[in-house]
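# An overview of the molecular structure
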Number of protein chains: 2
Amino acid sequence: MKLRRLAVIGVGLIGGSLAKALRAAGAVEEVVGCGRSKANLDLAVSQGIIDRYSHDVGEAVTDADMVFVAVPLGAMRETFAAMRGRLAADAIVTDGGSAKASVVADARAVFGELPARFVPGHPIAGTERNGAAAAFAELYQDRRVILTPLAETDPDATAQVRAMWEACGAEVSEMSVAHHDEVLAATSHLPHMLAFGLVDALARMKENDKIFRYAAGGFRDFTRIASSNPVMWRDICLANKQALSAMLATFADEMNDLSQTIAKGDGEHLLAIFSRAKAARDRFVDGDNNDAGGSAE
Amino acid sequence: MKLRRLAVIGVGLIGGSLAKALRAAGAVEEVVGCGRSKANLDLAVSQGIIDRYSHDVGEAVTDADMVFVAVPLGAMRETFAAMRGRLAADAIVTDGGSAKASVVADARAVFGELPARFVPGHPIAGTERNGAAAAFAELYQDRRVILTPLAETDPDATAQVRAMWEACGAEVSEMSVAHHDEVLAATSHLPHMLAFGLVDALARMKENDKIFRYAAGGFRDFTRIASSNPVMWRDICLANKQALSAMLATFADEMNDLSQTIAKGDGEHLLAIFSRAKAARDRFVDGDNNDAGGSAE
């Protein structure tokens, strides 16, 4: 796999790390960046992440054989619109959005139909940092990338996007758009809602400064994701509103049931839930099994 | 502050670390341990955590001037019963339970009234490890300890328990039993319910092995506390069922509201919630401000 010209629209952690990883793998000849911040793009050039840049999407994608769209979900549609009519005939387009149905809808709305060489994708990776300065070549090493090709998608385009991510060390899976959005609603979007919701609920309590003072390590870990970017998460909620609102409502019902189980003092039922959860986490989440075994705080 | 004889009932992380910290501070002459596991107690002796031990609570507390009860909440009542009639006249008793109303009720049930020299307490500290082997002298350094003395409590006993914890480097606060249980329900018990509930919900989904496979770092942090000891957490739920069930029900209602806000696509409202939560966490939780700023995973 060797790309001749990669266009990265949005040279932040996600887009910049793809460019760095492909360069490190010798899998790309030229990288053209695109974004709004001159300072960020100049930095990306000086660090060798991109060779050159344009603030204009249409110009940036000109003659690229691969285009990676790493902009917030709320900016997908305008980004697609800006590249319409400017892509090379055989150019492949893929993206890094955290919800896929909305990106597919945006592409359909802009192009009239889903372009055969557009492969919706989502690298499940990230750190707490932002911008080209945060990019690093190893971000995708051993991380999952989900591709959600549709019936209209050219299998060759999917294969090339897969090869690109594999060159970065990622493990690539394919699933349907709907399944992706459900899986991510469960493993990422719902937890973020709970963390935001919990911190907000505590912040609205009387004497909330005192309450936070007594929060221990478990609370810090649990709520870390509540420090995430509010605008990005608004966009994710709006983009995945069907799967997420359904899952959140189901979860709320389950928490109501749990509340009643506690009120009734049904210790046997509580023990069953907690034991199942501990077993599942210890089994499925690698690397830190049993790591809170005795902490009551 | 110097204790002549400290009895530690339950020589695990919490009890063992208190003994180690007091020894390191030169604040105790003799430590007598009590527990069921001979291996654990022998280890505690060999590591100098305790000087000697008994498997019998009544024997262990004999002639102690301070008794620290560090047993699970479900074992408090039987432990109090075992020390009835065996305590020295001026002995002070305190505990480390994560819920306080139930411990006070247990003490009242056993002693007929709340003993004047019993000071309910809760050190907000813990690690993922268990047993005397996990104990270390610095566990309480700069950590919070909450004492919940009642009207019947002898102020001198409270002052001595405070001095004991301060000798370990802890910051001691006093609050009412009810307020303690509400604060802990919010900052510790509710988050644990959400983490247990989320992991259990995912584990019950179809193809749950695939779902966990796509969980990223944020999910790992968020659900770490779901690996906690199920028996201990059953006990905490039963001990704090009133405050916790009420808080969980309120939270479930709020998550239902959030679900509808998402379903309606009310981005402005979502942004307000997320921004408030991020601001609160960045302001109140020390040490890792803004640490998930850009992670969408």
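Residues numbered from 1 in each chain as written. Chains lettered and ligands numbered in written order. Predicted model: local features only at pLDDT ≥ 70, side-chain atom pairs only at ≥ 80, totals over all residues. Heavy atoms only, no water.

### Focus: the domain arrangement of chain A
All names here are of chain A.
- Domain boundaries assigned for chain A yield domain 1 (3-175) and domain 2 (180-284).
- Computed from C-alpha coordinates alone, the two centres of domain 1 and domain 2 are separated by 31 Å.
- Contacts between domain 1 and domain 2 engage 13 residues on the former and nine residues on the latter.
- Counting the surface domain 1 buries against domain 2, the share from its top three residues, Leu 73, Ser 98 and Met 175, is 38%.
- Put simply, domain 1 and domain 2 have zero salt bridges between them.
- For the side of domain 1 that touches domain 2, the secondary structure elements donating two or more residues are α5 (101-111) and β7 (121-124).
- Of the residues that constitute the side of domain 1 that touches domain 2, the class distribution is seven nonpolar, five polar and one charged. (Domains from an automatic or database assignment. Contact = heavy atoms within 4.5 Å. Buried area = accessible area lost by both parts, 1.4 Å probe. Salt bridge = Lys/Arg side-chain N within 4 Å of Asp/Glu carboxyl O. Helix = DSSP H or I, 4+ residues; strand = E, 2+ residues; numbered from the N terminus. Nonpolar A, V, L, I, M, F, W, Y, C, P; charged D, E, K, R; others polar.)

### A look at the sheet that holds strand β1 (residues 3-9) of chain B
Residues and elements named next belong to chain B.
- Ordered by their spatial adjacency, six strands build an open sheet running β3-β2-β1-β4-β5-β6, and the pairing between neighbours is parallel. Strand pairing shows two members of the sheet lacking a second neighbour, β3 (52-54) and β6 (118-119), which therefore form its edges.
- The sheet contact formed by β1 and strand β2 (residues 28-34) spans six bridges and is parallel. Across the sheet, the residue bridging to Arg 5 is Glu 30, located in β2.
- Here helix α4 (residues 76-83) sits on the sheet in contact with β1, β4 (66-69), β5 (92-95) and β6, set at roughly 155° to β4.
- Taken strand by strand, helix α6 (residues 155-167) contacts β1, β4, β5 and β6, and its axis lies near 55° from that of β5. (Pairing = 2+ DSSP bridges. Axes fitted to C-alpha atoms, helices over the stretch in contact; angles between N-to-C directions.)

### Things to note about unusual backbone geometry
Residue and element names in this part refer to chain A.
- The phi angle at Asp 63 is positive, at roughly 65°, despite the residue not being glycine.
- Along the chain, Asp 63 turns up in the loop between α3 (57-61) and β4 (66-69).
- Assessed through its relative accessible area of 39%, Asp 63 is described here as partly exposed. (Buried < 20%, exposed > 50% of the residue type's maximum accessible area, 1.4 Å probe, protein only.)

### A look at the pattern of salt bridges
Residues and elements named next belong to chain B.
- Evaluation of the coordinates by the stated rule reveals 42 salt bridges over all chains.
- Asp 42 serves as the salt-bridge partner of Lys 38, at 2.8 Å between the closest nitrogen and oxygen. With a gap of four residues between them, Lys 38 and Asp 42 both fall in helix α2 (residues 38-46), about one helical turn apart.
- Judged by its relative accessible area of 48%, Lys 38 falls in the partly exposed class.
- Two residues, Arg 224 and Asp 221, come together in a salt bridge whose shortest N-O distance is 3.1 Å.
- On the basis of relative accessibility, which here comes to 18%, the residue Asp 221 falls in the buried class.

### A word on the packing of helix α7 (residues 177-203) of chain A against helix α7 (residues 177-203) of chain B
- Put simply, α7 of chain A and α7 of chain B touch, their axes get as near as 11 Å, and they point 165° apart. As summarised for this structure, α7 of chain A and α7 of chain B are arranged roughly antiparallel, according to the angle between their axes. Once α7 of chain A is placed against α7 of chain B, the crossing between them reads as right-handed. Here Ala 186, Thr 187, Leu 190, Pro 191, Leu 194, Leu 198 and Leu 202 of chain A of α7 of chain A come into contact with α7 of chain B, specifically with Ala 186, Thr 187, Leu 190, Pro 191, Leu 194, Leu 198 and Leu 202 of chain B.
- Among the residues making up the contact of α7 of chain A with α7 of chain B, the classes are represented as 12 nonpolar, two polar and no charged. (Parallel < 35°, antiparallel > 145°, perpendicular 65-115°, else oblique. Left-handed = near helix turned anticlockwise from the far one by under 90°.)

### Observations concerning the interface of chain B and chain A
- Between chain B and chain A, the residue contacts involve 107 residues of the former and 107 residues of the latter.
- Carbon and sulfur atoms supply 67% of the area buried between chain B and chain A, which totals about 9,400 Å² over both sides.
- At the junction of chain B and chain A, the tally comes to six salt bridges.
- Note that Asp 200 of chain A and Arg 276 of chain B form a salt bridge whose closest N and O atoms lie 2.6 Å from each other.
- Where chain B touches chain A, the interface holds 20 residue pairs in polar contact (both at pLDDT 80 or more).
- When residues of the side of chain B that touches chain A are traced back to their parent elements, those giving at least two are β7 (121-124), β8 (144-147), α7, α8 (208-213), α9 (217-223), α10 (230-239), α11 (241-264) and α12 (267-284) of chain B.
- Sorting elements by how many residues they give to the side of chain B that touches chain A places α7 of chain B first, with 20 residues.
- A class-by-class count of the residues in the side of chain B that touches chain A yields 55 nonpolar, 28 polar and 24 charged. (Polar contact = N/O pair within 3.5 Å; in protein donor to acceptor, adjacent residues only side chain to side chain.)

### Some points on the pairing of strand β5 (residues 92-95) of chain A
Residues and elements named next belong to chain A.
- Burial along β5 is two-sided: the face carrying Ile 92 and Thr 94 and the face carrying Val 93 and Asp 95 are both buried.
- Note: β4 against β5, four bridges, orientation parallel. If you follow Val 69 over to β5, its bridge partner there is Asp 95.
- You can see the chain leave β4, run along helix α4 (residues 76-83) and come back into β5, and the turn it takes is right-handed.
- By the bridge criterion, two bridges tie β5 to strand β6 (residues 118-119) in an arrangement that is parallel. Paired with Thr 94 across the bridge in β6 is Val 119.
- Handedness of the β5-α5-β6 crossover: right-handed. (Right-handed = clockwise from strand over helix to strand, strands pointing away.)

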